[in-house]
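Geometric and topological summary
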Amino acid sequence: MEFAQLGLPEYLLSTIEKIGYKTPTPIQEKAVPVALQGRDVIGAAQTGTGKTAAYALPTLARLGEPKGKPRCLVLVPTRELAMQVDEAFRRFGENTADKIALLYGGVRYDQQVKALRAGAEIVVATPGRLLDLQRQRFLDLSSIEVLVLDEVDRMLDMGFIEDVSAIIRLCPKDRQTLLFSATVNKTIREIAGWALREPVEIDVRTGTLAADTISHALYPVAGYQKYDLLLALLERTKYRSVIVFTRTKRDADRITEWLEANGIAVATMHADRTQRERVEALGGFKSGKYSVLVATDIASRGLDISGVSHVINYNVPEHPEDYVHRIGRTGRAGDEGEAFTLFSPDELSQLQAIERLLGKPIERKKLDGFRYRTEPLMLMPGAVPAARPRRRNR
Ligand code: AMP
(Lines give C-alpha, C1' and ligand atoms only; values in the text may rest on other atoms or scores of the structure.)
Protein backbone atom coordinates (compact mmCIF):
# COMPACT_ATOMS: atom_id res chain seq x y z
CA MET A 1 0.00 0.00 0.00
CA GLU A 2 1.04 3.59 -0.68
CA PHE A 3 0.71 6.61 1.59
CA ALA A 4 -1.30 8.25 -1.17
CA GLN A 5 -4.02 5.62 -0.71
CA LEU A 6 -4.64 6.44 2.93
CA GLY A 7 -6.68 9.59 2.31
CA LEU A 8 -4.15 12.07 3.68
CA PRO A 9 -4.08 15.60 2.26
CA GLU A 10 -1.43 16.54 -0.30
CA TYR A 11 0.63 18.76 2.00
CA LEU A 12 1.12 15.88 4.44
CA LEU A 13 2.03 13.49 1.64
CA SER A 14 4.76 15.83 0.50
CA THR A 15 6.11 16.11 4.07
CA ILE A 16 6.14 12.31 4.34
CA GLU A 17 8.01 12.08 1.07
CA LYS A 18 10.50 14.66 2.25
CA ILE A 19 11.07 12.79 5.52
CA GLY A 20 11.75 9.71 3.46
CA TYR A 21 9.05 7.26 4.51
CA LYS A 22 8.42 5.04 1.48
CA THR A 23 5.44 2.93 2.49
CA PRO A 24 3.11 2.99 5.48
CA THR A 25 3.75 0.55 8.31
CA PRO A 26 0.92 -1.88 9.20
CA ILE A 27 -0.40 0.29 12.05
CA GLN A 28 -0.39 3.32 9.76
CA GLU A 29 -2.15 1.40 7.00
CA LYS A 30 -4.91 0.39 9.36
CA ALA A 31 -5.22 3.33 11.73
CA VAL A 32 -4.84 6.34 9.43
CA PRO A 33 -7.98 5.83 7.28
CA VAL A 34 -10.12 5.03 10.32
CA ALA A 35 -8.80 7.97 12.36
CA LEU A 36 -9.32 10.29 9.38
CA GLN A 37 -13.02 9.41 9.51
CA GLY A 38 -13.09 10.65 13.09
CA ARG A 39 -13.57 7.23 14.61
CA ASP A 40 -12.12 6.11 17.93
CA VAL A 41 -9.28 3.61 17.81
CA ILE A 42 -7.70 1.07 20.14
CA GLY A 43 -4.30 0.32 18.65
CA ALA A 44 -2.35 -2.57 20.09
CA ALA A 45 1.12 -1.67 18.93
CA GLN A 46 4.58 -1.67 20.38
CA THR A 47 7.00 1.17 19.93
CA GLY A 48 8.97 0.98 16.74
CA THR A 49 5.85 0.16 14.74
CA GLY A 50 5.37 3.71 13.56
CA LYS A 51 2.43 4.36 15.86
CA THR A 52 3.31 8.02 16.43
CA ALA A 53 2.77 8.83 12.75
CA ALA A 54 -0.33 6.60 12.81
CA TYR A 55 -2.04 9.08 15.11
CA ALA A 56 -0.15 12.30 14.34
CA LEU A 57 -0.82 12.33 10.58
CA PRO A 58 -4.62 11.92 10.66
CA THR A 59 -4.83 14.30 13.62
CA LEU A 60 -2.95 17.04 11.77
CA ALA A 61 -5.18 16.45 8.76
CA ARG A 62 -8.34 16.74 10.83
CA LEU A 63 -7.33 19.85 12.75
CA GLY A 64 -7.07 21.90 9.57
CA GLU A 65 -6.88 25.66 10.10
CA PRO A 66 -5.58 26.77 13.52
CA LYS A 67 -8.07 28.30 15.95
CA GLY A 68 -5.63 29.39 18.63
CA LYS A 69 -6.78 27.03 21.37
CA PRO A 70 -5.84 23.50 22.48
CA ARG A 71 -7.58 21.03 20.17
CA CYS A 72 -5.42 17.92 20.33
CA LEU A 73 -4.05 16.47 23.55
CA VAL A 74 -1.48 13.68 23.43
CA LEU A 75 -0.96 12.09 26.83
CA VAL A 76 2.23 10.07 27.29
CA PRO A 77 3.90 8.41 30.29
CA THR A 78 7.40 9.89 30.27
CA ARG A 79 9.23 13.09 29.47
CA GLU A 80 11.39 11.31 26.96
CA LEU A 81 8.43 10.05 24.99
CA ALA A 82 6.81 13.49 25.26
CA MET A 83 9.87 15.01 23.62
CA GLN A 84 9.86 12.42 20.87
CA VAL A 85 6.17 12.90 20.13
CA ASP A 86 6.63 16.67 20.12
CA GLU A 87 9.46 16.28 17.63
CA ALA A 88 7.35 14.00 15.44
CA PHE A 89 4.47 16.49 15.37
CA ARG A 90 6.89 19.25 14.46
CA ARG A 91 8.31 17.22 11.59
CA PHE A 92 4.96 16.07 10.23
CA GLY A 93 3.39 19.47 10.82
CA GLU A 94 6.03 21.58 9.13
CA ASN A 95 3.53 22.64 6.49
CA THR A 96 0.83 23.49 9.00
CA ALA A 97 0.49 26.50 11.25
CA ASP A 98 -0.46 24.48 14.34
CA LYS A 99 1.48 25.47 17.42
CA ILE A 100 2.60 22.86 19.90
CA ALA A 101 3.02 22.98 23.67
CA LEU A 102 5.21 20.37 25.33
CA LEU A 103 4.40 19.90 29.01
CA TYR A 104 6.27 17.67 31.44
CA GLY A 105 7.42 17.80 35.02
CA GLY A 106 10.80 18.44 36.56
CA VAL A 107 11.36 21.75 34.79
CA ARG A 108 10.14 25.31 35.28
CA TYR A 109 6.66 26.36 34.29
CA ASP A 110 7.34 29.61 32.47
CA GLN A 111 8.23 28.25 29.01
CA GLN A 112 5.32 25.85 29.11
CA VAL A 113 2.87 28.53 30.17
CA LYS A 114 4.23 30.76 27.42
CA ALA A 115 3.65 28.03 24.81
CA LEU A 116 0.06 27.64 26.01
CA ARG A 117 -0.54 31.40 25.99
CA ALA A 118 0.83 31.60 22.47
CA GLY A 119 -2.22 29.63 21.34
CA ALA A 120 -0.99 26.02 21.13
CA GLU A 121 -3.33 23.76 19.17
CA ILE A 122 -1.50 20.57 20.02
CA VAL A 123 -0.56 19.75 23.59
CA VAL A 124 1.85 16.89 24.26
CA ALA A 125 2.01 16.17 27.97
CA THR A 126 2.74 13.84 30.84
CA PRO A 127 -0.23 13.48 33.20
CA GLY A 128 1.09 15.14 36.39
CA ARG A 129 2.26 18.41 34.86
CA LEU A 130 -0.80 18.64 32.65
CA LEU A 131 -3.14 18.44 35.65
CA ASP A 132 -0.97 20.91 37.51
CA LEU A 133 -1.27 23.48 34.76
CA GLN A 134 -4.96 22.77 34.28
CA ARG A 135 -5.63 23.30 38.01
CA GLN A 136 -3.77 26.57 37.89
CA ARG A 137 -6.02 27.51 34.98
CA PHE A 138 -3.24 27.89 32.46
CA LEU A 139 -4.97 25.36 30.27
CA ASP A 140 -8.57 24.61 29.43
CA LEU A 141 -9.31 21.17 28.04
CA SER A 142 -12.89 21.93 27.05
CA SER A 143 -11.82 22.68 23.47
CA ILE A 144 -10.07 19.34 22.90
CA GLU A 145 -11.26 17.60 19.72
CA VAL A 146 -8.75 14.74 19.57
CA LEU A 147 -7.43 12.96 22.64
CA VAL A 148 -4.52 10.57 22.12
CA LEU A 149 -3.60 8.21 24.96
CA ASP A 150 -0.20 6.81 24.10
CA GLU A 151 1.48 3.86 25.85
CA VAL A 152 -1.48 3.48 28.16
CA ASP A 153 -0.09 0.28 29.71
CA ARG A 154 2.98 2.20 30.74
CA MET A 155 0.95 5.05 32.20
CA LEU A 156 -0.99 2.56 34.30
CA ASP A 157 2.21 0.77 35.41
CA MET A 158 3.53 4.11 36.56
CA GLY A 159 0.48 4.67 38.74
CA PHE A 160 -1.17 7.33 36.58
CA ILE A 161 -4.60 5.70 36.35
CA GLU A 162 -6.39 8.35 38.43
CA ASP A 163 -4.66 11.23 36.70
CA VAL A 164 -5.40 9.77 33.29
CA SER A 165 -9.05 9.18 34.18
CA ALA A 166 -9.35 12.73 35.54
CA ILE A 167 -7.85 14.16 32.36
CA ILE A 168 -10.17 12.15 30.12
CA ARG A 169 -13.14 13.49 32.11
CA LEU A 170 -11.93 17.07 31.66
CA CYS A 171 -12.10 16.68 27.87
CA PRO A 172 -15.42 17.19 26.10
CA LYS A 173 -17.52 14.06 25.56
CA ASP A 174 -17.83 14.92 21.93
CA ARG A 175 -14.25 14.19 20.92
CA GLN A 176 -12.22 11.59 19.10
CA THR A 177 -10.11 9.28 21.26
CA LEU A 178 -7.15 7.30 19.95
CA LEU A 179 -5.72 4.83 22.45
CA PHE A 180 -2.41 3.06 21.91
CA SER A 181 -0.86 0.42 24.10
CA ALA A 182 1.64 -2.41 23.69
CA THR A 183 -0.58 -4.65 25.80
CA VAL A 184 -4.34 -4.40 26.14
CA ASN A 185 -5.31 -5.85 29.50
CA LYS A 186 -8.54 -5.81 31.51
CA THR A 187 -7.95 -2.39 33.07
CA ILE A 188 -7.26 -0.86 29.67
CA ARG A 189 -10.43 -2.43 28.30
CA GLU A 190 -12.35 -0.93 31.22
CA ILE A 191 -11.00 2.51 30.45
CA ALA A 192 -11.76 2.03 26.76
CA GLY A 193 -15.27 0.95 27.79
CA TRP A 194 -16.18 4.34 29.24
CA ALA A 195 -13.75 6.64 27.44
CA LEU A 196 -14.11 5.48 23.82
CA ARG A 197 -17.09 5.30 21.51
CA GLU A 198 -17.42 2.21 19.36
CA PRO A 199 -13.69 2.01 18.84
CA VAL A 200 -12.13 0.21 15.90
CA GLU A 201 -9.62 -2.27 17.25
CA ILE A 202 -6.33 -2.63 15.46
CA ASP A 203 -3.74 -5.16 16.50
CA VAL A 204 -0.40 -5.20 14.76
CA ARG A 205 1.58 -7.07 17.36
CA THR A 206 3.53 -9.87 15.83
CA GLY A 207 3.06 -13.37 17.11
CA THR A 208 6.63 -13.69 18.26
CA LEU A 209 6.59 -10.38 20.17
CA ALA A 210 10.32 -9.92 19.84
CA ALA A 211 11.99 -9.16 16.53
CA ASP A 212 13.57 -12.17 14.84
CA THR A 213 16.76 -10.24 14.31
CA ILE A 214 17.53 -10.24 18.04
CA SER A 215 19.38 -13.18 19.52
CA HIS A 216 18.81 -13.74 23.22
CA ALA A 217 21.05 -15.35 25.78
CA LEU A 218 20.69 -15.97 29.48
CA TYR A 219 23.78 -15.94 31.66
CA PRO A 220 23.10 -17.69 34.96
CA VAL A 221 25.37 -16.39 37.72
CA ALA A 222 25.30 -16.01 41.50
CA GLY A 223 24.01 -12.56 42.48
CA TYR A 224 27.31 -11.46 44.04
CA GLN A 225 29.19 -12.03 40.79
CA LYS A 226 26.87 -10.02 38.57
CA TYR A 227 29.09 -6.93 38.55
CA ASP A 228 32.09 -9.01 37.49
CA LEU A 229 30.17 -10.89 34.85
CA LEU A 230 28.75 -7.65 33.45
CA LEU A 231 32.21 -6.24 33.09
CA ALA A 232 33.55 -9.46 31.57
CA LEU A 233 30.68 -9.50 29.05
CA LEU A 234 31.38 -5.92 28.04
CA GLU A 235 35.07 -6.65 27.71
CA ARG A 236 34.50 -9.61 25.46
CA THR A 237 31.69 -8.29 23.32
CA LYS A 238 32.21 -6.31 20.18
CA TYR A 239 29.55 -3.66 20.62
CA ARG A 240 28.67 -0.39 19.01
CA SER A 241 26.50 0.79 21.81
CA VAL A 242 24.93 -1.01 24.75
CA ILE A 243 22.05 -0.31 27.06
CA VAL A 244 22.36 -1.94 30.48
CA PHE A 245 18.99 -2.15 32.21
CA THR A 246 18.62 -2.31 35.97
CA ARG A 247 15.56 -2.71 38.12
CA THR A 248 16.37 0.04 40.62
CA LYS A 249 17.83 3.52 40.51
CA ARG A 250 20.39 2.50 43.10
CA ASP A 251 21.60 -0.36 40.94
CA ALA A 252 21.84 2.02 38.00
CA ASP A 253 24.02 4.42 40.00
CA ARG A 254 26.22 1.66 41.38
CA ILE A 255 26.77 0.04 38.01
CA THR A 256 27.60 3.42 36.53
CA GLU A 257 30.27 3.94 39.21
CA TRP A 258 31.58 0.43 38.71
CA LEU A 259 31.88 0.73 34.95
CA GLU A 260 33.39 4.21 35.13
CA ALA A 261 35.94 2.94 37.62
CA ASN A 262 36.82 0.37 34.97
CA GLY A 263 37.34 2.98 32.30
CA ILE A 264 34.07 2.74 30.39
CA ALA A 265 32.28 5.92 29.27
CA VAL A 266 28.79 5.62 30.71
CA ALA A 267 25.60 7.67 30.59
CA THR A 268 22.87 7.11 33.18
CA MET A 269 19.10 7.53 32.96
CA HIS A 270 16.60 7.11 35.75
CA ALA A 271 13.75 9.02 37.32
CA ASP A 272 15.84 10.77 39.95
CA ARG A 273 18.10 12.43 37.45
CA THR A 274 17.30 15.99 36.49
CA GLN A 275 15.86 16.78 33.13
CA ARG A 276 19.14 18.37 32.09
CA GLU A 277 21.06 15.23 33.11
CA ARG A 278 18.68 13.01 31.18
CA VAL A 279 18.88 15.10 28.04
CA GLU A 280 22.67 15.12 28.29
CA ALA A 281 22.79 11.36 28.87
CA LEU A 282 20.54 10.56 25.95
CA GLY A 283 22.22 13.04 23.65
CA GLY A 284 25.67 11.76 24.60
CA PHE A 285 24.61 8.18 24.05
CA LYS A 286 23.06 8.93 20.66
CA SER A 287 26.13 10.87 19.53
CA GLY A 288 28.53 8.13 20.59
CA LYS A 289 30.17 10.11 23.41
CA TYR A 290 29.06 7.31 25.73
CA SER A 291 29.08 3.76 24.41
CA VAL A 292 27.11 2.42 27.37
CA LEU A 293 23.82 3.70 28.74
CA VAL A 294 22.76 2.41 32.14
CA ALA A 295 19.04 2.86 32.62
CA THR A 296 16.00 1.80 34.58
CA ASP A 297 12.85 0.85 32.68
CA ILE A 298 12.06 4.48 32.10
CA ALA A 299 14.22 4.15 29.00
CA SER A 300 12.90 0.83 27.83
CA ARG A 301 9.72 2.03 26.20
CA GLY A 302 9.18 4.43 23.45
CA LEU A 303 12.73 5.60 23.07
CA ASP A 304 13.81 5.43 19.50
CA ILE A 305 17.56 5.09 19.56
CA SER A 306 19.02 3.56 16.46
CA GLY A 307 22.22 1.58 16.31
CA VAL A 308 21.98 -0.08 19.72
CA SER A 309 23.81 -3.34 19.14
CA HIS A 310 23.36 -4.87 22.60
CA VAL A 311 20.96 -4.82 25.49
CA ILE A 312 22.10 -6.28 28.78
CA ASN A 313 19.60 -6.93 31.52
CA TYR A 314 21.46 -6.68 34.79
CA ASN A 315 18.35 -8.07 36.46
CA VAL A 316 15.62 -10.22 35.02
CA PRO A 317 12.83 -7.69 34.56
CA GLU A 318 9.98 -7.98 37.01
CA HIS A 319 7.21 -7.67 34.44
CA PRO A 320 7.55 -9.95 31.41
CA GLU A 321 6.37 -7.22 29.03
CA ASP A 322 9.35 -5.15 30.16
CA TYR A 323 11.66 -7.82 28.81
CA VAL A 324 10.15 -7.39 25.37
CA HIS A 325 10.33 -3.61 25.62
CA ARG A 326 13.90 -3.63 26.86
CA ILE A 327 15.25 -5.95 24.20
CA GLY A 328 13.20 -4.02 21.64
CA ARG A 329 15.73 -1.19 22.05
CA THR A 330 18.07 -3.26 19.88
CA GLY A 331 17.39 -4.97 16.57
CA ARG A 332 15.36 -1.99 15.39
CA ALA A 333 14.32 -1.65 11.78
CA GLY A 334 15.79 -4.99 10.79
CA ASP A 335 19.23 -4.44 12.38
CA GLU A 336 20.90 -7.36 14.10
CA GLY A 337 20.91 -7.14 17.87
CA GLU A 338 21.89 -9.19 20.87
CA ALA A 339 20.24 -9.29 24.27
CA PHE A 340 21.99 -10.74 27.32
CA THR A 341 20.25 -11.32 30.62
CA LEU A 342 22.12 -11.91 33.85
CA PHE A 343 20.09 -14.37 35.86
CA SER A 344 20.52 -15.32 39.48
CA PRO A 345 18.56 -18.18 41.08
CA ASP A 346 16.24 -15.86 43.06
CA GLU A 347 14.84 -14.57 39.75
CA LEU A 348 13.41 -17.87 38.59
CA SER A 349 9.73 -16.95 38.74
CA GLN A 350 10.30 -13.77 36.68
CA LEU A 351 12.25 -15.79 34.13
CA GLN A 352 9.46 -18.34 33.87
CA ALA A 353 6.94 -15.57 33.23
CA ILE A 354 9.11 -14.17 30.42
CA GLU A 355 9.57 -17.53 28.78
CA ARG A 356 5.83 -18.14 28.93
CA LEU A 357 5.24 -14.80 27.22
CA LEU A 358 7.86 -15.49 24.55
CA GLY A 359 6.53 -19.01 24.12
CA LYS A 360 10.03 -20.40 24.12
CA PRO A 361 13.01 -20.74 26.43
CA ILE A 362 15.96 -18.36 26.29
CA GLU A 363 19.25 -20.08 25.53
CA ARG A 364 21.50 -20.54 28.61
CA LYS A 365 25.11 -19.62 28.19
CA LYS A 366 28.26 -19.73 30.24
CA LEU A 367 30.93 -17.13 29.56
CA ASP A 368 34.12 -18.92 28.55
CA GLY A 369 37.09 -18.04 30.71
CA PHE A 370 35.03 -16.28 33.39
CA ARG A 371 35.91 -17.46 36.89
CA TYR A 372 32.56 -18.53 38.29
CA ARG A 373 32.94 -18.81 42.03
CA THR A 374 29.70 -20.70 42.33
CA GLU A 375 28.71 -23.17 39.64
CA PRO A 376 25.95 -21.39 37.66
CA LEU A 377 22.48 -22.84 37.63
CA MET A 378 22.31 -24.03 34.04
CA LEU A 379 18.69 -25.03 33.89
CA MET A 380 18.59 -26.36 30.38
CA PRO A 381 16.45 -24.71 27.73
CA GLY A 382 13.01 -26.20 27.91
CA ALA A 383 13.36 -27.23 31.51
CA VAL A 384 11.99 -24.04 32.94
CA PRO A 385 8.75 -23.47 31.08
CA ALA A 386 7.55 -27.05 31.46
CA ALA A 387 5.04 -26.72 34.25
CA ARG A 388 4.23 -30.42 34.32
CA PRO A 389 6.84 -32.68 35.90
CA ARG A 390 8.25 -35.15 33.41
CA ARG A 391 7.99 -38.81 34.12
CA ARG A 392 11.30 -40.52 34.24
CA ASN A 393 11.82 -43.82 32.50
CA ARG A 394 12.10 -46.39 35.14
P1 AMP B 1 7.34 4.91 16.53
O2 AMP B 1 6.84 3.50 16.68
O3 AMP B 1 6.25 5.89 16.25
O4 AMP B 1 8.20 5.32 17.71
O5 AMP B 1 8.29 4.97 15.24
C6 AMP B 1 9.48 4.26 15.18
C7 AMP B 1 10.42 4.80 14.08
O8 AMP B 1 9.94 4.45 12.80
C9 AMP B 1 10.60 6.29 14.07
O10 AMP B 1 11.98 6.57 13.94
C11 AMP B 1 9.86 6.78 12.85
O12 AMP B 1 10.44 7.93 12.29
C13 AMP B 1 9.98 5.58 11.92
N14 AMP B 1 8.86 5.44 10.97
C15 AMP B 1 7.56 5.65 11.24
N16 AMP B 1 6.80 5.39 10.16
C17 AMP B 1 7.63 5.01 9.18
C18 AMP B 1 7.45 4.60 7.81
N19 AMP B 1 6.24 4.52 7.25
N20 AMP B 1 8.54 4.27 7.10
C21 AMP B 1 9.77 4.33 7.69
N22 AMP B 1 10.02 4.70 8.95
C23 AMP B 1 8.96 5.03 9.70
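The residue numbering used here restarts from 1 in each chain and proceeds along that chain's sequence as written. Under the rules for a predicted model, residues below a pLDDT of 70 receive no local features and side-chain atom pairs below 80 are neither given nor counted, while totals for whole chains, interfaces and linings still include all residues. Excluding hydrogens and water, the side-chain figures rest on all heavy atoms present in the structure.

Per an unreviewed UniProt entry, the chain carries the name DEAD-box ATP-dependent RNA helicase RhpA and comes from Candidatus Spyradosoma merdigallinarum. Listed in UniProt under the heading Sequence similarities (unreviewed entry), the comment for the chain reads: "Belongs to the DEAD box helicase family." UniProt positions are given in the numbering used here, feature names are shortened, and annotations may be inferred rather than shown by experiment.

As a further point, take the nonpolar core. In summary, soluble globular proteins display a tendency toward joint burial of nonpolar side chains. Nonpolar cores were defined as sets of buried Ala, Val, Leu, Ile, Met, Phe, Trp, Tyr and Cys residues, with membership established by side-chain atoms within 4.5 Å. Only protein chains enter the accessibility calculation, which uses a 1.4 Å probe; a residue whose area is less than 20% of its type maximum is buried, one above 50% is exposed, and one in between is partly exposed. Judged by nonpolar contacts, the single largest core of 39 residues is most densely connected at Tyr55, Val74 and Phe89. Here this core gets seven residues from one element, more than from any other, and that element is helix α3 (residues 51-63). Among residues more than four places away in sequence, those in contact with Tyr55 are Val74, Val85, Phe89, Val148, Asp150, Leu178 and Phe180. Core analysis: the next-biggest nonpolar cluster, separate from the first, contains 32 residues, Val123, Ala125, Leu141 and Ile144 among them. What counts as a helix is a DSSP run of H or I of at least four residues, what counts as a strand is a run of E of at least two, and both are numbered from the N terminus. Whether two residues are in contact is decided by their heavy atoms, any of which lying within 4.5 Å being enough.

Turning to the environment of Ala44, a few remarks are in order. Here Ala44 shows up in strand β1 (residues 41-44). With relative accessibility at 5%, the residue Ala44 sits in the buried group. As a C-alpha pair, Ala44 and Val76 span 32 residues in sequence and 15 Å in three-dimensional space.

This brings us to the packing of aromatic side chains. Aromatic ring pairs are defined here through the distance separating the ring centres and the angle between the ring planes. Pairing of aromatic side chains requires ring centres within 6.5 Å, counting the rings of Phe and Tyr and the six-membered ring of Trp. Pairs whose planes differ by under 30 degrees are stacked, by over 60 edge-to-face, and all others tilted. Counted by the stated rule, this structure contains seven aromatic pairs. Seen in terms of ring centroids, Tyr21 and Phe92 are 6.1 Å apart; in terms of plane orientation they differ by 65°. Their pairing is edge-to-face. Of this pair, Tyr21 sits in the loop between α1 (10-19) and α2 (26-36) while Phe92 sits in helix α4 (residues 79-92), placing them 71 residues apart in sequence. Taking the relative accessible area as the measure of exposure, Phe92 reaches 3% and is therefore buried. Taking the centre distance of 4.9 Å and the plane angle of 85° together, the rings of Phe370 and Tyr372 count as edge-to-face. Each member of the pair, Phe370 as well as Tyr372, is classed as buried. Among the aromatic residues, those joined into a ring-pair cluster are Tyr55, Phe89 and Phe180. By definition here, charges over rings are those cases where NZ of Lys or CZ of Arg is within 6 Å of the ring centre and within 35 degrees of the ring normal. Of note, Lys366 hangs over the ring of Tyr372, and the distance from its end group to the ring centre comes to 5.8 Å.

Pairing between two strands is assigned when DSSP locates at least 2 bridges connecting them. Here seven strands make up an open sheet; going across it, the order is β3-β4-β2-β5-β6-β1-β7 and the pairing parallel. Each of the sheet's edge strands pairs with one partner strand only, and the pair in question is β3 (100-103) and β7 (200-203). On average, each strand axis in the sheet is inclined to that of its neighbour by 10°, with strand direction left out of account. With four bridges connecting them, strand β2 (residues 72-75) and strand β4 (residues 122-125) associate as parallel partners. Looking across to β4, one finds that Leu73 is bridged to Val123. For helices, the fitted line uses only the C-alpha atoms of the stretch in contact; every axis is such a line through C-alpha atoms, and the angle between N-to-C directions lies from 0 to 180 degrees. Contacting β2, β3 and β4, α4 runs over the sheet at an angle of about 170° to β3.

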